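# Notes for the structure review
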Amino acid sequence: MKIGLEVHAGLPTKTKLFCRCTNHSKEPNTAICPTCTGMPGSKPVLNNSALKIAFSISKALNCSSSKTIYFERKVYFYPDLPKSFQITQKECPIGSNGFILLGDKKIRIRRVQLEEDPAKILREDGYTLIDYNRSGRPLVEIVTEPDIQTEEDLRMFITELKSILYYLDVDVEQEIKADLNISLSEIRVEVKNITGTKNIIDAARYEIQRQEKLINENIPIEKETRSYNEAKMATISSREKESDEEYGFIFDSDLTVYDISKIKAIKPIYASSMAKEYSQKYGVNESQILEAIQFNKNSLGFIERFEKNYKLKNILNSISLLQRYGSKNDVETLEKVIKIIEQGHYPDQKDIQAIESGKEITINIKVANTQEIDKEIRSMIDGNKNLLKESATNKKALNFIIGNIAKKLKVNPRLVSERLESLLSSEHKVQ
Amino acid sequence: MNSIEEFNKKQRPGDYYIKLNSELVKLNEKLNIFNTISQENISSGFLFSVKDNICVKNVETTASSKILKGYFPPFNATVVERMKNNGFSFLGKTNMDEFGFGSFGINSEHIAKNPFDERYVTGGSSSGAAAATAILKYHIAIAESTGGSISTPAAFCGVVGFTPTYGSISRYGLIDYSNSLDKIGIMARKSEDIKYVYEKIRGPDSHDTTCVDKKCTDTDKKKIILIDQLITGLDVEIEKEFLLFVKKLENLGYTIEHRSLPFIDKAIPSYYIIAMAEASTNLAKYTGFKYGLKNNDFSQQYNTFFTNARENLGPEAKRRVVLGTFVRSASVKNLYYSKALKVRSLLINELNKILADGFILSPVMPIKTPRFEDTNKLSPLEVYKTDMLTIPPNLCGFPHISFPYSYLHGMPLGAQLVTKHWNDTAIIDFVSKWELSFNYDFKYNLGVLR
């Protein structure tokens, strides 16, 4: 099975790609000008900031770039395209021949290109509306080689890509758009214009099953373009034929040739490899680290700041406590929480709120006392002998005990866990 | 009414400018110079008109195309802005071949007639600009050339027409024909007016990436080069008059040199391929949807809707859209479009070598000014061939100037002088020197100076 992806992501610029209209308007058709509505006489002028971000993305995806790039016109007729051509890149993309690493697997990136977004079409009952706010917004199109081989790889690829883009300030809350190429046989089927990670994966799953079924029944698979219907969770034949022949790409001579060799790319951050490094360095579960930092710059910043002073596990626990209970997410509060946890306490919601409001929190926290913990554990075990037996095979039951005691005594669950382990081993010896 | 004297006799004090304005409207009815006349009164000395493919804020701008009827740009072209900022008064929009597609000014709903003799064409595509300059005494025409649209009508109407280096005057506000070839230029009755205006309107513009400012080294201002291929196959009378003119220049102290460049005949196919390919993308936006002629029947499928709207393009525009779309298509792109680009860059190299030694001089047109009925006999291909002398400098973006050098059977004859990139003022200065020994004739001298 071969899966290839074409992902479109909007760039975090103040203004659009070829005009000075804001990139962040809400009210329909308020951020428009002669250029992004294609008025006769208007001219595009390239947004250098978009060029820099697109270049940084291509570098982050390990692409190579030529010294200069240029733009081309892709001509097609559709109501969302006011000039009836899209300014895009074909012959000379901003980056090519890159890759993303998913652990040991390498997913090759064929090309990264910079282009303008068409307007937004809103289909209503009996009529259609067009919002030109989106027309001319900067996009990168990221095209992979068909190196994705399983649904899980697809999910990991999208998440990894989104994380890389997130660290380059791309708004990944905005759902990414993608075209999927899936071939189980020699025949390639394209599923176009899918919005959102979940839909991309659902569409892939449906299409894989559809093609498997056809193969099993010896029915030939048609080379075609399909679309994804979210409500039906199915792909549907588009019966539209498009080819490069009809697009008639030519150089856009309203723009020039741009030297990108001197652009300083923004340094990429790969959360997944950082999680791996931290995990190896401090012996903390890799996925717990990744979960904290994959889409959270603050968390990564906290870890980088405190890793030398405190235990990584405690930093991560403090981060998740603050995320759950806190309203502020500042470094001072975090450090207070870390210190409390380092002392073996485990603050609850009230404690966090108290810390945030600047109160002295020591009054709310009892001093950790192993004897007290041991006493609690014993009474818990004594009250329920079965629990002990179950705990040998049932990790959940054990965690339940730990959680309850930690809560009751307001101590760090890790401390309870340690005591419980030593007590249990001695119990086992006795038996 | 033939002269400013006659015109002035009829004037009543107080209604001078308005009168002038309405007289121009009458003239318009007769000669079809203007598509629209500005509602603003003419309030200061020099007037300027603007070719109808250049945007003037809130003034209907149609590039003489039915498909753009009702397009009132919400902005001024940079060149219009700069003219106004320099105290020129906007007079009106001048007629042209639809989207600039034409050599004679006949591809338009209303056709401008030659002020020297109304039986003759004005030349195109800046037909109204040239006619207005031949009629109005104190007036500057802002025109535009893609393949000869300034030189040709300037020659046929006996005025000076200047096409600058590609990229030296901002194209912001120009309704595109072929973006890599389009150049906004100037027509006037005297070269010194052109020089004055050129200095005011040229130079970088934040709205047009391709508009820049460069300097170049001086060239020999006394050497005239004739390219053999450009002075053969001319109309017999044109050839005779042109060689007399060359003799005159020799007598004035210029040295004449002959060169051969057989390859130059590839300029015409190269030009038309590039121009049509780009035009077909530029005209794609006219779908009757967002500006210009609008179709409010939204019951059709969008493809049908767009196709119906494009019915409103004229026959020459349709021809260029079809041919241009064809040469862009993937399977033939390397056969035509890519080759045409190679020819262009080769030609720039070859002509640069020649232009390093001196100016290139030729007639503007290989034929005499045709009468309207003569143009009907020409096939589109024959019309394209008449551009053989104006296309090389236009294809290569070299600055060139068209100016009257003689009169034959009462009609003016124009010559074209070409120089290397960014050496624009040298050719304007050449014409200024020529004007010291040659007087231009004008049949009309309408207009006033404050």
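Note on numbering: residues in each chain are counted from 1, in written sequence order. Chain A is the first chain written and ligand 1 is the first ligand written, with later ones labelled in order. Residues qualify for local features only when their pLDDT is at least 70, as the model is predicted, and side-chain atom pairs are given and counted only at 80 or more; totals for whole chains, interfaces and linings, by contrast, use all residues. Calculated side-chain values reflect all of the structure's heavy atoms, with hydrogen atoms and water omitted.

## As for the overall build of chain B
Strands are runs of DSSP state E lasting at least 2 residues, helices are runs of H or I lasting at least 4, and numbering of each runs from the N terminus. Counting its secondary structure elements, chain B contains 15 helices and 11 strands. A 1.4 Å probe rolled over the protein chains alone gives each residue an accessible area, and that area as a share of the maximum for its type sets the label: buried under 20%, exposed over 50%, partly exposed in between. Counting only residues that meet the buried cut, chain B has 62% of its 450 residues in that class. Two residues form a contact once any of their heavy atoms are found within 4.5 Å. The long-range share in chain B, meaning contacts at least 24 apart out of those at least 6 apart in sequence, stands at 77%. With residues, only the protein chains shown are counted as cover, and all accessible areas are computed by Shrake-Rupley using a 1.4 Å probe. In the structure as shown, chain B presents an accessible area of about 16800 Å², 53% of it carried by carbon and sulfur atoms.

## Describing the nonpolar core
Here, the term nonpolar core denotes a set of buried Ala, Val, Leu, Ile, Met, Phe, Trp, Tyr and Cys residues that are joined through side-chain atoms within 4.5 Å. Among the nonpolar cores identified, the biggest contains 113 residues, and Phe 99, Ile 142, Leu 351, Leu 361 and Phe 403 of chain B are the most heavily contacted of them. Per-element accounting of this core gives the leading share, 10 residues, to helix α8 (residues 267-282) of chain B. The residues contacting Leu 361 of chain B, other than those within four sequence positions of it, are Ile 224, Ile 225, Leu 226, Phe 242, Phe 245, Val 246, Leu 249, Phe 403, Ala 415, Gln 416 and Leu 417 of chain B. With 88 residues, the next largest nonpolar core counts Ala 9, Val 75, Ile 158 and Ile 260 of chain A among its residues.

## What about the sheet that holds strand β5 (residues 95-102) of chain A?
All names here are of chain A. In spatial order, the strands read β5-β6-β9-β1-β10-β11-β12-β13; together these 8 strands make up an open sheet with mixed pairing. In the strand order of this sheet, the two ends are held by β5 and β13 (234-237), each with one partner. Averaged over neighbouring strand pairs, the angle between their axes works out to 25° when direction is ignored. When DSSP finds two or more bridges between two strands, those strands count as paired. The sheet contact formed by β5 and strand β6 (residues 105-116) spans 7 bridges and is antiparallel. Bridge pairing links Ser 96 to Arg 111 in β6. Only the stretch in contact is used when a helix axis is fitted, and all axes are lines through C-alpha atoms; the angle between N-to-C directions ranges over 0 to 180 degrees. Each of β5, β6 and β9 (138-144) is contacted by helix α1 (residues 48-60), which is oriented at about 170° to β6, the strand it contacts most. Of the strands in this sheet, β1 (2-10), β5, β6, β9 and β10 (177-183) touch helix α2 (residues 151-166), which is tilted by about 115° from β5.

## Remarks on helix α9 (residues 331-342) of chain A
Residues and elements named next belong to chain A. Expected span of a helix: the number of residues minus one, times 1.5 Å. Spanning 12 residues, α9 covers 16 Å between terminal C-alpha atoms, matching the ideal 16 Å at 1.5 Å per step. For α9, the set of buried residues is Val 331, Thr 333, Leu 334, Val 337, Ile 338, Ile 340 and Ile 341. Buried residues along α9 sit in contact with α7 (297-306), α8 (312-325) and α10 (349-356). Just beyond α9, the residue with positive phi is Gly 344, at close to 95°.

## Notes on the packing of aromatic side chains
Aromatic rings from Phe, Tyr and Trp, taking only the six-membered ring of Trp, are treated as a pair when their centres fall within 6.5 Å; an angle between ring planes under 30 degrees marks them as stacked, one over 60 as edge-to-face, and anything in between as tilted. One pass over the structure, following the stated rule, counts 40 aromatic pairs over all chains. For the pair Tyr 247 of chain A and Phe 249 of chain A, a centre-to-centre distance of 5.9 Å together with 70° between the ring planes defines the contact as edge-to-face. By relative accessible area, which is 9% here, Phe 249 of chain A ends up buried. Relative to Phe 438 of chain B, the ring of Tyr 407 of chain B lies with its centre 6.0 Å away and its plane at 10°, an arrangement referred to as stacked. Taken together, the residues Tyr 407 of chain B in strand β10 (residues 400-408) and Phe 438 of chain B in the segment after α15 (424-437) connect sequence positions 31 residues apart.

## Some remarks on the interface of chain A and chain B
Taken together, the 34 residues of chain A in the interface contact 40 residues of chain B. Put simply, buried area is the surface a 1.4 Å probe can reach on two separate parts but cannot reach once they are joined, added for both. Of the roughly 2900 Å² buried at the junction of chain A and chain B (both faces included), carbon and sulfur atoms supply 59%. A side-chain nitrogen of Lys or Arg and a carboxyl oxygen of Asp or Glu constitute a salt bridge if their distance falls within 4 Å. In this structure, the connection of chain A to chain B is made through 2 salt bridges. Within 3.5 Å is the distance limit for a polar contact, defined as a pair of N or O atoms, with the added protein rule that one can donate a hydrogen and the other accept it, and that residues adjacent in sequence qualify only through two side-chain atoms. One can count 14 residue pairs in polar contact (both at pLDDT 80 or more) joining chain A with chain B. Of all the secondary structure elements, the ones that give two or more residues to the side of chain A that touches chain B are β3 (72-75), α4 (244-247) and β14 (250-251) of chain A. Partitioning the side of chain A that touches chain B into residue classes produces 19 nonpolar, 8 polar and 7 charged. Only Asp, Glu, Lys and Arg are considered charged, only Ala, Val, Leu, Ile, Met, Phe, Trp, Tyr, Cys and Pro nonpolar, and every remaining residue, Gly among them, polar.

## Structural notes on the domain arrangement of chain A
For chain A, the assigned domains are domain 1 (2-174 + 239-259), domain 2 (271-364) and domain 3 (370-430). Spacing between the C-alpha centres of domain 1 of chain A and domain 3 of chain A amounts to 56 Å. As annotated, the domain borders come from an automatic or database domain assignment.

## Regarding the pattern of salt bridges
Counting across every chain of the model gives 45 salt bridges over all chains. Notably, a salt bridge pairs Asp 153 of chain A with Lys 105 of chain A, separated by 2.8 Å at the nearest N-O pair. You can see Asp 153 of chain A sitting in helix α2 and its partner Lys 105 of chain A sitting in strand β6, a full 48 residues away along the chain. Looking at Lys 105 of chain A, the relative accessible area reads 41%, which means it is partly exposed. Three or more residues joined by partner-sharing salt bridges are found here, namely Lys 43, Arg 73, Asp 252 and Asp 254 of chain A together with Arg 171 and Asp 176 of chain B.

## A closer look at the sheet that holds β3 of chain A
Residues and elements named next belong to chain A. Spatially, the 3 strands line up as an open sheet ordered β4-β3-β14, and their pairing is antiparallel. Each edge of the open sheet is held by one strand with a lone partner, namely β4 (85-88) and β14. Bridge count for β3 against β14 is 2 bridges, and the pairing is antiparallel. What sits directly across from Arg 73, in β14, is Ile 250.

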